[in-house]
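The lines below spell out each chain.
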Amino acid sequence: MIQTDGYGSIDPFVDGYMEQEEEWEREGLLDPAWEKQQKKTFTAWCNSHLRKAGTGIENIEEDFRNGLKLMLLLEVISGETLPKPDRGKMRFHKIANVNKALDFIASKGVKLVSIGAEEIVDGNLKMTLGMIWTIILRFAIQDISVEEMTAKEGLLLWCQRKTAPYKNVNVQNFHLSFKDGLAFCALIHRHRPDLIDYSRLSKDNPLENLNYAFDVAEKYLDIPRMLDPDDLINTPKPDERAIMTYVSCYYHAFQGAQQVDLINTAMPDERAVMTYVSSYYHCFSGAQKAETAANRICKVLKVNQENERLMEEYERLASDLLEWIRRTMPWLNSRQTDNSLAGVQKKLEEYRTYRRKHKPPRVEQKAKLETNFNTLQTKLRLSNRPAYMPTEGKMVSDIANAWKGLEGAEKAFEEWLLSEMMRLERLEHLAEKFRRKADAHEEWTRGKEEMLQSQDFRNCRLNELKALKKKHEAFESDLAAHQDRVEQIAAIAQELNTLDYHDSVTVNGRCQRICDQWDRLGALTQRRRQALDDAERIMEKIDILHLEFAKRAAPFNNWLDGTREDLVDIFIVHTVEEIQGLIDAHSHFKATLGEADKEYQSIVGLVREVESIVKQHQIPGGLENPYTTLTAHDLTRKWGDVRQLVPQRDATLQAELRKQQNNEMLRRQFAEKANAVGPWIERQLDAVTAIGMGLHGTLEDQLHRLKEYEQGVYAYKPHIEELEKIHQAVQESMIFENRYTQYTMETLRVGWEQLLTSINRNINEVENQILTRDSKGITQEQLNEFRSSFNHFDKNRTGRLAPDEFKSCLVSLGYSIGKDRQGDIDFQRILAVVDPNSTGYVHFDAFLDFMTRESTDTDTAEQVIDSFRILAADKPYILPDELRRELPPDQAEYCIQRMPPYKGPGGVPGALDYMSFSTALYGESDL
């Protein structure tokens, strides 16, 4: 695979190198500092070869433009002769020479992409640097080969191997690894220790290290000073190509080159450092043969030393392991014990410690011994050495037999310990079992005798008494279940006696105490059972009475609460019928009070019976009812409240009845007056509307009739005022509905205001129509025609037309409005005139004004402009003095104040623009 570098050229042999650095290289090549660094580094490299031909370059992008020195460079580094160059100075001569050089590069197996002769001839710096880097890779770095790696990897591996023994040197790349200068010093010291005193160098002095290495390389090795120390130190990531180029010079030969100036560079160029380091490689590659021979001898000796170490380690491990087995066997074969469980357990714990701590390291030692023996034999066989024979008694088989004997002794020892422990544990288990069962039984019986003799049930309620009885029944069941436990305790005590347990006296005494206590618990249980049954019968009777009281008292109490709420409830009525209904319901309620009194006496009697029983049997807390919080005192108090509230409710209902009768009279008075005023207003509105539509007589007749209606309306106003007084009384009495009339005071007020507004509006419209007729000279017949057409399309008699209705009206009057786009535009223009505020409707006044303008000869803005032009003696402007001379004073001042200054050509100070003023009078623009 062929990789393209950052300049557009192709590197045919360092595929992996280009792939790894493709991303950062593309960004780095955009850095002017790297570009400058590579320019100077590559210039120095080129001069190191061109000086062999007695020449050199100063500016890399200029001196290669004619192709002559480029061809010469290729001849020097390749040792071959290129075609004869063209000596002309024309552009095509230069392109021909560069093409010859590029063809020669291509003939060496290098494919160039995006690099053409024109870019080199034009002095394209990036393309020129890319071409030189391709030449460096092909002729200076490609032949560097270490263990069949790529050029870059081989050069890097060479540096790593040469600098491996040196402290603080770790070459991993061609940028950061060379920043402190120690790598360069190590390369020189490895091959020429007489030139470098490496022991005095410090990683903390990178500037001193770099200057030291570059000075020695330039002075004694003839490798030019291509990199700048300050730049390498201050750059976060030096340029890899610069360093590779420099190192390749080390690798190849001792060549001179100009110093690479990298001052103030943000990131030193890697190619310069690579070129410089490659020089180290080539400089010191001659010492490789001697080093290879020394390495071979070291390798053989190292193998032999390792084999001897393994033999010694085997002998030591075998002796130690066999000695440990010899010391351990007597302990495993011992069977002595103090015949106690604690002693056997101690011996077992010692054995477990042996298996957990002492033996595992010996297991690992044995495995290591076998592994070392096998490894040693394999290494001896592979290195053509004779097999190893351990000393007598330390063979692998000897160790295996000793280990097998150890494992057999371990197994027998463990089996003996377990059997002895089982024997002693049986006896200890029985004694412990007796103690635990006795402890559990005594714990269970603790406090039981006091509990059975307690009289706690005499202060309990029935539910608590029943709970105690259930608890006692549960105790009886538990007591029966413990019978087996007592028998088990006696059986274990018997078995311990049979086995002659050493503490049998203590066991027998404890067993007898348990049996005696068991007999006492049985007798106490029977006595408590009888006492609980007697107390339960008395409490159940009291409980039945309490429950009956709770069942009957709760609904009766709810009835009392509801009755009290009803008797004091605030009611709102609006009619006599509603208050009469409340009075009837109250009368029905009073009829039920006799039955309620009987229920009250019966419920209170239940409480008296409970008090009698509690007093007879001295039952503490017997009067408290667990089923309810109500008491006879509560019911007595509420029943007394009800009997007092009944007559109070009677008085409240009668007062409300009188109030509703008065409200009914007010409703009738308002309805009688409203039913007369409402129709009168409606008739007047219809009459005024008919006159306003122009359906009767001339405009003067309509105006006369409207004024007569106006006088009649004002004469009717006392009826409205009288109705307002009645309405005020209705509101003060909080009357909101009146079934005797459909009119409300609000609707009558609105109707009255509409009537006044309609009369005034129609009078104003008729007067405007008369003014329009007289000023425009239209006839009564025309007015009638306009009114008739407008009324025809005003279907709802609202006095206004919608746009569609207005359009139909215009068509009916003879207007030709097309159905195309132009027709819509014409109609919208007309609509803007009659509805300037965009209300969506056309009123009759606007309609009449529009029809009048369309039917008569009116003044226009053009006519007014012509008149002003006459006064101005044909000038495009007019002066204030001319206006004062020709017009009345008030009109002249009106024009002077409102005319804008004239801004056209030929104007004089004080000139006024009468054209803009005239068009503004008619709401038109200058267009």
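Residues numbered from 1 in each chain as written. Predicted model: local features only at pLDDT ≥ 70, side-chain atom pairs only at ≥ 80, totals over all residues. Heavy atoms only, no water.

Draft legend 1. How the structure looks around the overall build of the protein. When helices and strands are tallied, the protein shows 33 helices and four strands. The buried share among the 927 residues of the protein stands at 43%. When contacts within the protein are restricted to residue pairs at least 6 apart in sequence, long-range pairs at least 24 apart make up 76% of them. (Helix = DSSP H or I, 4+ residues; strand = E, 2+ residues; numbered from the N terminus. Buried < 20%, exposed > 50% of the residue type's maximum accessible area, 1.4 Å probe, protein only. Contact = heavy atoms within 4.5 Å.)

Draft legend 2. The arrangement of the packing of aromatic side chains in detail. Applying the stated criterion across every chain yields a total of 26 aromatic pairs. Taking the centre distance of 5.3 Å and the plane angle of 40° together, the rings of Y314 and F373 count as tilted. Here Y314 is found in helix α14 (residues 288-333), whereas its partner F373 is found in helix α15 (residues 341-382), with 59 residues between them in sequence. Since its relative accessible area comes to 1%, Y314 is described here as buried. On the basis of relative accessibility, which here comes to 15%, the residue F373 falls in the buried class. Measuring from ring centre to ring centre gives 6.2 Å for F556 and W639, while their planes differ by 40°; the resulting arrangement is tilted. A residue pair is termed long-range when its members are at least 10 positions apart, and F556 in helix α19 (residues 504-568) and W639 in helix α22 (residues 632-692) qualify at 83 residues. Summarising the burial analysis for this pair, F556 and W639 share the class buried. Taking the ring centre of W444 as reference, the NZ or CZ of K448 above it sits at 4.9 Å. (Phe/Tyr/Trp six-rings, centres within 6.5 Å; stacked < 30°, edge-to-face > 60°. Lys NZ or Arg CZ within 6 Å of the ring centre and 35° of its normal.)

Draft legend 3. Spatial organisation of the side chain of E882. Residue position: E882 is located in helix α31 (residues 880-886). In contact with E882, not counting residues within four places along its chain, are L871, A872 and K875.

Draft legend 4. Seen up close, the nonpolar core. The biggest cluster of nonpolar side chains holds 77 residues, and the ones touching the most others in it are W45, I135 and F174. It is helix α7 (residues 125-141) that contributes the most residues to this core, 12 residues altogether. Counting residues in hydrophobic clusters, the runner-up holds 31 residues, among them F457, M539, L560 and W639. (Core = buried A, V, L, I, M, F, W, Y, C linked by side-chain atoms within 4.5 Å.)

Draft legend 5. A look at the packing of helix α4 (residues 68-78) against α7. For the pair α4 and α7, the least separation of the axes is 11 Å and the interaxial angle reads 10°. By the angle between their directions, the pair α4 and α7 is classed as roughly parallel. When you trace α4 past α7, the crossing you get is right-handed. Residue-level contacts link L70, L74, I77 and S78 of α4 to M131, I135 and F139 of α7. Here the contact of α4 with α7 is composed, by residue class, of six nonpolar, one polar and no charged. (Axes fitted to C-alpha atoms, helices over the stretch in contact; angles between N-to-C directions. Parallel < 35°, antiparallel > 145°, perpendicular 65-115°, else oblique. Left-handed = near helix turned anticlockwise from the far one by under 90°. Nonpolar A, V, L, I, M, F, W, Y, C, P; charged D, E, K, R; others polar.)

Draft legend 6. Seen up close, the packing of helix α16 (residues 396-445) against helix α18 (residues 462-498). The interhelical angle for the contact between α16 and α18, taken along N-to-C directions, is 150°, at an axis separation of 10 Å. Classified by the angle their axes make, α16 and α18 are roughly antiparallel. The handedness of the crossing between α16 and α18 is left-handed. Where α16 approaches α18, its residues R426, L430, A431, K433, F434, K437, A438, H441 and W444 are matched on the opposing element by F475, D478, L479, H482, V486, Q488, I489, I492, A493, E495 and L496. Residues of the contact of α16 with α18, tallied by class, amount to 12 nonpolar, three polar and five charged.

Draft legend 7. Up close: the UniProt feature "coiled-coil region" (unreviewed entry) in the protein. Per the UniProt record, "coiled-coil region" (unreviewed entry) is annotated on residues 300-327. With 100% helix and 0% strand, the stretch residues 300-327 has end C-alpha atoms that lie 42 Å from each other. (UniProt positions renumbered as here; feature names shortened; annotations may be inferred.)

Draft legend 8. Broad picture of the environment of K111. Within the secondary structure layout, K111 lies in the loop between α5 (91-107) and α6 (117-121). Of the residues examined, K111 reaches a relative accessible area of 55% and is grouped as exposed. A C-alpha to C-alpha distance of 9.8 Å links K111 and T134, two positions 23 residues apart in sequence.

Draft legend 9. Highlighting helix α8 (residues 151-163). With 13 residues, α8 should cover 18 Å at 1.5 Å per step; its first-to-last C-alpha distance of 18 Å lies within 8% of that length. Counting buried residues along α8, 10 of its 13 residues qualify, which places the element largely inside the surrounding structure. Every buried residue of α8 is accounted for by A151, K152, G154, L155, L156, L157, W158, C159, K162 and T163. (Expected span 1.5 Å × (residues − 1).)

Draft legend 10. Spatial organisation of helix α9 (residues 182-191). Within α9, eight of the 10 residues are buried, which leaves it mostly tucked inside the rest of the structure. Within the sequence span of α9, burial applies to L182, A183, F184, C185, A186, L187, I188 and H191.

Draft legend 11. Seen up close, the confidence of the model for the protein. Scored by pLDDT, the protein comes out at a mean of 79, with 87% of its residues at no less than 70. Ignoring residues within four places in sequence, the model shows residues 1-30, a span with pLDDT below 50, making 86 contacts including any to other chains. (pLDDT = per-residue confidence, 0-100.)

Draft legend 12. Molecular detail of the pattern of salt bridges. With the rule as written, the count across this model stands at 46 salt bridges. A salt bridge links E548 to R552, with the nearest nitrogen and oxygen atoms 4.0 Å apart. With a gap of four residues between them, E548 and R552 both fall in helix α19, about one helical turn apart. The partner of R885 in a salt bridge is E886, and the shortest N-O contact between them spans 3.6 Å. The class for E886 is partly exposed, based on a relative accessible area of 41%. Connected through shared salt-bridge partners, E306, R309, E313, K368 and K379 make up one network. (Salt bridge = Lys/Arg side-chain N within 4 Å of Asp/Glu carboxyl O.)

Draft legend 13. View of empty space enclosed by the protein. One pass over the structure, following the stated rule, counts two cavities of 30 Å³ or more. Its volume calculated, the second largest cavity comes out at about 30 Å³. Along the walls of the second largest cavity sit Y314, K366, L369, E370, V396 and I399, which together make up its complete lining. Elements supplying a minimum of two residues to the lining of the second largest cavity: α15 and α16. Among the elements that take part in the lining of the second largest cavity, α15 stands out by supplying three residues, more than any other. (1 Å grid on protein atoms, 1.4 Å probe; cavity = no way out; pocket = protein on both sides within 12 Å on 5 of 7 lines; lining within 4 Å. Points joined across faces, edges and corners; volume = space filled by probe spheres on them.)

Draft legend 14. A look at unusual backbone geometry. Within the chain, N168 stands out as a residue other than glycine whose phi angle is a positive 65°. We classify N168 as partly exposed; its relative accessible area is 42%. In this structure, D874 takes a positive phi of about 65° despite not being glycine.

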